[in-house]
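# Examining the three-dimensional arrangement
Each chain is listed here by its residues.
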Amino acid sequence: RVIKCKAAVAWAAGEPLKIEEVEVAPPQAMEVRVKIHYTALCHTDLYFWEAKGQTPLFPRILGHEAAGVVESVGEGVTDLKEGDTVLPVFTGECGECRHCKSEESNMCDLLRINTDRGVMISDGKSRFSINGKPIYHFVGTSTFSEYTVTHVGSLAKINPEAPLDKVCILSCGVSTGMGATLNVAKPKKGSSVAIFGLGGVGLAAAEGARIAGASRIIGIDLNSDRFEKAKLFGVTEFINPLDYKKPIQEVIAEKTDGGVDYSIECTGNVKAMIQAFESCHDGWGVAVLVGVPHSDAVFATSPVNFLNERTLKGTFFGNYKPRTDLPGLVELYLDKKLELEKFITHEVSFADINKAFDYMIKGESLRCVINVIGN
């Protein structure tokens, strides 16, 4: 049956979201309808809401960091049932393609992120509407709604005992940053790690370095106000490039006897990407790129930096396979080996969702959790 519920609809670029009554169609084959309990605001939502640098697609229901409970399942869905606790994820795991079958990749051919697609894969139609007018989906999740419909491959079934207002933030930023460190850089105990960018993803990368046992975790950011907060995530020292006249990779080399063992770039700025790579020690240094640069950006460095045995890697969603790996991250949290509370700086009601955007625009929040079920 069709469900009528509230959703925060983005009608146009940069305009405040409006709480509307929407109709949510039943799930079709290999789809699941989920009751969202909590959702969080990620910078990607803000980026596509502002619609700067990409094709605008409105009206749209944004949102992709969330936790909820399965309401109903479509034909062919066998591994989820009504009442299961799930995390919707902007990328998926079909389980059948070459990427899903590879131990090296999490970039599913079928369900890889597609920011331009505003409809369901199966029939090219939206499951949301207002008075018969379709409302576009966002990255296959659209969690700024009391109910949403996703492909079954984009849902990770998790322990029902997990507090959904905390584990919802594992759907994107925390997993991306932490996985970049633990799964891709793989720092050894006692090693040195430089984190470029101390936003939510960068702090998650620092958290990964802390968990791995790195002895020096150097935070690099243009905003010195972020430094104190970063200590909570294991950062041991800070560098603001604006305080130096020489290239920051030279500063890091001087402070670390030739460079760090590992660096994680979390800004999306191509200049910072180059700096992160060149700040690694020759012979063994590993740099991991996490941030997404402008489509016209060009990475330029001397080939000698590679010949001197530095390694450059990239990552997508921290190399986590959503359905396979996210349940384990939830268990890490439940076992008190992963701290999520320190990432959550604000919580607002669904009716006040625009406050979450204000906090992020002003740089006041790491993660703002939006209470959907409380309405």
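Residues numbered from 1 in each chain as written. Predicted model: local features only at pLDDT ≥ 70, side-chain atom pairs only at ≥ 80, totals over all residues. Heavy atoms only, no water.

A few words now on the packing of helix H1 (residues 43-50) against helix H11 (residues 353-361). Packing of H1 against H11 leaves a shortest axis separation of 11 Å and a crossing angle of 100 degrees. The angle between the axes of H1 and H11 places the two elements in the roughly perpendicular class. On H11, the residues that touch His-43, Leu-46 and Trp-49 of H1 are Phe-357, Met-360 and Ile-361. When its residues are assigned to classes, the contact of H1 with H11 shows five nonpolar, one polar and no charged. (Axes fitted to C-alpha atoms, helices over the stretch in contact; angles between N-to-C directions. Helix = DSSP H or I, 4+ residues; strand = E, 2+ residues; numbered from the N terminus. Parallel < 35°, antiparallel > 145°, perpendicular 65-115°, else oblique. Contact = heavy atoms within 4.5 Å. Nonpolar A, V, L, I, M, F, W, Y, C, P; charged D, E, K, R; others polar.)

What follows covers the nonpolar core. Leu-87, Phe-144, Val-167, Ile-169, Leu-170 and Ile-264 are the most contacted members of the largest nonpolar core, which has 99 residues in total. Of the residues that make up this core, three or more belong to each of domain 1 (3-169 + 340-371) and domain 2 (177-316). Residues Ala-194, Ile-239, Ile-248 and Ala-276 belong to the second largest nonpolar core, which totals ten residues. (Core = buried A, V, L, I, M, F, W, Y, C linked by side-chain atoms within 4.5 Å. Buried < 20%, exposed > 50% of the residue type's maximum accessible area, 1.4 Å probe, protein only. Domains from an automatic or database assignment.)

Okay, the packing of aromatic side chains next. Considering all chains together, one arrives at ten aromatic pairs under this definition. Look at Phe-48 and Phe-138: their rings are 5.6 Å apart centre to centre, the planes differ by 55 degrees, and that puts the pair in the tilted class. With Phe-48 in helix H1 and Phe-138 in the loop between strand S7 (133-135) and strand S8 (147-151), the pair connects residues that are 90 residues apart, well separated along the chain. Classification of Phe-48 by relative accessible area gives buried; the value is 10%. The exposure class of Phe-138 is buried, given its relative accessible area of 0%. A network of ring pairs unites the aromatic residues Tyr-47, Phe-48 and Phe-138 as a single cluster. Positioned above the aromatic ring of Phe-233, the side-chain terminus of Lys-342 is 5.0 Å from the ring centre. (Phe/Tyr/Trp six-rings, centres within 6.5 Å; stacked < 30°, edge-to-face > 60°. Lys NZ or Arg CZ within 6 Å of the ring centre and 35° of its normal.)

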